[in-house]
2 protein chains.
Amino acid sequence: MYQAKAYSVTSASSPFAAATIMRRETTERDVQIEILYCGICHSDLHTARDEWSSVMPTTYPCVPGHEIVGRVTKVGSEVSQFKSGDLVGVGCMVDSDHVCPTCQDHQEQFCHSATFTYNSPDKHGTAPVTYGGYSESIVVDERFVLAVPANLDLAGVAPLLCAGITTYSPMRRWGDLNGKKVGVVGLGGLGHMGVKFARAFGAHVVVFTTSPGKKEDALRLGAHEVIVSTNPAEMQQHAGTFNFILDTIAADHDINAYINMLGLDGNITLVGAPDAPLQVSAFALLFGRKSLSGSLIGGIKETREMLDFCGRHNITSDVEIIPVQQINAAYERLVKSDVKYRFSIDMASLKSE
Amino acid sequence: MYQAKAYSVTSASSPFAAATIMRRETTERDVQIEILYCGICHSDLHTARDEWSSVMPTTYPCVPGHEIVGRVTKVGSEVSQFKSGDLVGVGCMVDSDHVCPTCQDHQEQFCHSATFTYNSPDKHGTAPVTYGGYSESIVVDERFVLAVPANLDLAGVAPLLCAGITTYSPMRRWGDLNGKKVGVVGLGGLGHMGVKFARAFGAHVVVFTTSPGKKEDALRLGAHEVIVSTNPAEMQQHAGTFNFILDTIAADHDINAYINMLGLDGNITLVGAPDAPLQVSAFALLFGRKSLSGSLIGGIKETREMLDFCGRHNITSDVEIIPVQQINAAYERLVKSDVKYRFSIDMASLKSE
């Protein structure tokens, strides 16, 4: 084991502070990574504050971060895909059982034995739970390490590892979006990636937002049209016309208003998870044979495919780069959706701690 | 125009009584049909009692019935598919615009100009609204008339025209159910057809019911297993194992309990429409990438395909045959789900009125 600098919280109400954590030595299949950037995902905040205690209680100390980009510093003897100096990424998972039907189908995110990047029982026994990317270094099984295209801005690549795959996966699964009318509900960390991908897939992209002030930015990001969802006339004008809608809203909202936007056989996929149950009208689904789905990140194979796609289409997240010392302030702004569109922590700032 | 005997209601609270209605003379494309049997669908009751007033208010007098089987008595000069004496069926629709993308795609049930079999504006002007199958005779555009396989029991064929296609269509659309684990929620008019089709498609069929007393009958109808949904242990044992669930319940129920029964990428399709919004857990959809859909009857092409399938597999509805004079009593029993599994009106009984 070796010591690594990190930023952690010690309880649901305590602020982030510098800490030292233990990382395991690289085993045969491990890759040791110097972390360069780590995105801040809303899940980090929920976990740090134990807001998902009913489904996934938090073990403290907690080091969040699953939008990791870095450089390989060491590899185990059996590692074949990576070597020192390679640019790599790590997303929401660091291990799975590799043998269940779900893993065989490349959907490791649904493996019942998946190890998530933080707050997940650590099979290696280095600590009670895994520690994430708010750290100078991490050691990960090479099967969960992803090559990063050389042409992309690294700070903007980090959020691809969660926000990117979360939005890429359901759109890809829907089918060929070329020429289709695609809605993106909410223009935040997830939504802005949804817009970029939908545009790259050739869709006619429409952003639904409650903030008229986001119109210009939505168009800059690639949207063809923007609907202010609080304007009933604008909504009515587009009713029944969408093939697919990506719903990125994690707060309570009127889902039927968006189901009504769908045309025949249209689908709306949730990638945010509001706490309160959604009030779904059965009639709204029956008339037009519509469907409401959920989607959760993506498998490793698809994440590699997504990163390749981003390299070819020059897609990264729009980020605001912050030093690790500003995490607490960034969380306060995140709660107010005051970020365009993702915080990316420059981990060089951790060296001074 | 000509006079035809029928059974109608004159207000939301009045009982059915014998009446005389006008039917149009056959135009070039029309088929005149002597009605032999007409099934009683729950939609008939909702419409007769104006229970859907907010979305589809009822115009009185109202003659329901869209599960019609009969014999051709006359055809128009341009009718090519049918001749006098043919056994035919008519379902929920009698016309559409034939030109919109939805009609071109053989999904006339979603055509914005679809004419439904009853309580729908009558384009021919014979009456303010169309009159359905609780009648001795009906005149229908040949494009909405369906050939009935000769080997099937006619009283049991009638419900195929609505209950049959309503359950056949979503299962067919899901894909190949052969070897898949399929649940059917509720064992009524729709549910018992769902069981028969799922079995014929080669699925492992499991019925969810709140009534332990229905167990034996469910197995007789083709189910491999029966789960009493009020028994948490039985439910837990099957959690996460279903590929597809057909939900036929029109009353308020806990949809998340069934979403939790689905495995990865599983789908639950609603064919019943509870009035109250369904309380859907977003987490339940995200973890396992599940989907909730609605489905509404089926197009004419698919209804023909369904009838052919029933002919080949000898599938009909289990019916209780009643004379037209017992409609009021049948409605009272329908409200209590006291029928195995569909009432089929023997229209010969109308001759004595």
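Right above here is the structure, for reference.
This report concerns the structure included in the present document. Please read these numbers as outputs of a predicted model, since none were measured by experiment. (Residues numbered from 1 in each chain as written. Chains lettered and ligands numbered in written order. Predicted model: local features only at pLDDT ≥ 70, side-chain atom pairs only at ≥ 80, totals over all residues. Heavy atoms only, no water.)

### Details of the relation of the copies chain A and chain B
Rotating chain A by 180° and translating it 0.0 Å along the rotation axis places it on chain B, where the RMSD comes to 0.0 Å. Here the two chains are linked by the operation of a two-fold rotation axis. Interface residue correspondence from chain A to chain B reaches 100%, placing this contact among same-surface, isologous pairings. (Least-squares fit on C-alpha atoms with pLDDT ≥ 70 in both. Contact = heavy atoms within 4.5 Å.)

### Observations regarding the packing of helix H4 (residues 163-174) of chain A against helix H10 (residues 300-313) of chain A
Residues and elements named next belong to chain A. Where H4 meets H10, the axes come as close as 10 Å, and the angle between the chain directions of the two elements is 100°. In terms of orientation, H4 lies roughly perpendicular with respect to H10. Between H4, through Gly164, Ile165, Tyr168, Ser169 and Arg172, and H10, the contact on the second element is made entirely by Glu302, Thr303, Glu305, Met306 and Phe309. Residues belonging to the contact of H4 with H10 are distributed by class as follows: four nonpolar, three polar and three charged. (Axes fitted to C-alpha atoms, helices over the stretch in contact; angles between N-to-C directions. Helix = DSSP H or I, 4+ residues; strand = E, 2+ residues; numbered from the N terminus. Parallel < 35°, antiparallel > 145°, perpendicular 65-115°, else oblique. Nonpolar A, V, L, I, M, F, W, Y, C, P; charged D, E, K, R; others polar.)

### Observations regarding the sheet that holds strand S13 (residues 242-247) of chain A
Sheet architecture is open: twelve strands sit in the order S12(A)-S11(A)-S10(A)-S13(A)-S14(A)-S16(A)-S16(B)-S14(B)-S13(B)-S10(B)-S11(B)-S12(B), paired in mixed fashion. At either margin of the open sheet sits one strand with a lone partner, and together these are strand S12 (225-228) of chain A together with strand S12 (225-228) of chain B. Along the sheet, successive strands turn relative to each other by an average axial angle of 20°, direction set aside. Bridge count for strand S10 (residues 181-185) of chain B against strand S13 (residues 242-247) of chain B is four bridges, and the pairing is parallel. Paired with Val182(B) across the bridge in S13(B) is Phe244(B). Those strands touched by H4(A) are strand S10 (181-185), S13, strand S14 (262-270) and strand S16 (291-294) of chain A together with strand S14 (262-270) of chain B, and its axis lies near 160° from that of S13(A). (Pairing = 2+ DSSP bridges.)

### A word on unusual backbone geometry
The step from Tyr60(B) to Pro61(B) runs through a cis peptide bond, and the omega angle for that step is -5°. Along the chain, Pro61(B) turns up in the loop between helix H1 (42-48) and strand S4 (68-75). The peptide bond linking Lys340(B) to Tyr341(B) adopts the cis configuration, its omega dihedral lying at -10°. Position of Tyr341(B) relative to the elements: it lies in the loop between helix H11 (327-335) and strand S18 (342-346). Its identity as a non-glycine residue notwithstanding, Ile297(A) has a phi of 35°, on the positive side. Within the fold, Ile297(A) resides in the loop between S16 and H10.

### Some points on the side chain of Asp217(B)
Residue and element names in this part refer to chain B. You can see aspartate 217 is positioned in helix H6 (residues 215-221). Residue class for aspartate 217 comes out buried when judged on its relative accessible area of 13%. Aspartate 217 has contacts with Lys340 and Tyr341, leaving out every residue within four places of it along the chain. (Buried < 20%, exposed > 50% of the residue type's maximum accessible area, 1.4 Å probe, protein only.)

### Some thoughts on the environment of Ile68(B)
Residue and element names in this part refer to chain B. Relative to the assigned elements, isoleucine 68 resides in strand S4. Isoleucine 68 gets classed as buried once you look at its relative accessible area, which sits at 1%. Spatially, the C-alpha atoms of isoleucine 68 and isoleucine 345 are 9.6 Å apart, while their sequence positions differ by 277 residues. The residues touching isoleucine 68, leaving out its near neighbours within four places in the chain, are Ile35, Tyr37, Cys38, Val88, Gly89, Val90, Thr117, Gly132, Gly133, Ile138, Ala158 and Leu161.

### Quick word on the side chain of Glu234(A)
Residue and element names in this part refer to chain A. By secondary structure assignment, the location of glutamate 234 is in helix H7 (residues 232-237). Polar side-chain contacts of glutamate 234 include one of 3.1 Å to the backbone nitrogen of valine 228. Apart from residues no more than four positions distant in its own chain, glutamate 234 is found in contact with Lys215, Val226, Ile227 and Val228. (Polar contact = N/O pair within 3.5 Å; in protein donor to acceptor, adjacent residues only side chain to side chain.)

### Describing helix H11 (residues 327-335) of chain A
Residues and elements named next belong to chain A. When we look at burial in H11, the residues that qualify are Ile327, Ala330, Tyr331 and Leu334. Seen along its axis, H11 keeps its buried residues to an arc of 105°; they face one direction. At its buried positions, H11 is contacted by strand S1 (2-8), strand S3 (30-40), helix H1 (42-48), strand S17 (319-323) and strand S18 (342-346). (Arc of directions from axis to C-beta.)

### A look at the pairing of strand S3 (residues 30-40) of chain B
Residue and element names in this part refer to chain B. Summarising burial for S3: ten of the eleven residues are buried, a large majority. Where S3 and strand S8 (residues 137-141) come together, five bridges link them in antiparallel fashion. Its bridge partner lying in S8, glutamate 34 is registered against serine 137. Sheet topology places S3 next to S4; seven bridges connect them, and they run antiparallel. Across the sheet, residue isoleucine 35 finds its bridge partner in S4, namely glycine 70. When S3 meets S18, the two strands line up antiparallel, connected through four bridges. Its bridge partner lying in S18, isoleucine 40 is registered against phenylalanine 343.

### Quick notes on the interface of chain A and chain B
The figure often quoted for interface size is the accessible area lost as the parts come together. Facing the 33 residues of chain A at the interface are 33 residues of chain B. A combined buried area of about 3,000 Å² lies between chain A and chain B, and 69% of that area is made up of carbon and sulfur atoms. A per-residue breakdown of the area chain A buries against chain B is headed by Phe283(A), Leu286(A) and Arg289(A), which together make up 24% of the total. The tally of links from chain A across to chain B stands at zero salt bridges. Taken together, the connections running from chain A to chain B amount to eight residue pairs in polar contact (both at pLDDT 80 or more). For the side of chain A that touches chain B, the secondary-structure elements that each account for two or more residues are H4, S14, strand S15 (278-280), helix H9 (282-286) and S16 of chain A. Split by residue class, the side of chain A that touches chain B holds 18 nonpolar, eleven polar and four charged. (Buried area = accessible area lost by both parts, 1.4 Å probe. Salt bridge = Lys/Arg side-chain N within 4 Å of Asp/Glu carboxyl O.)

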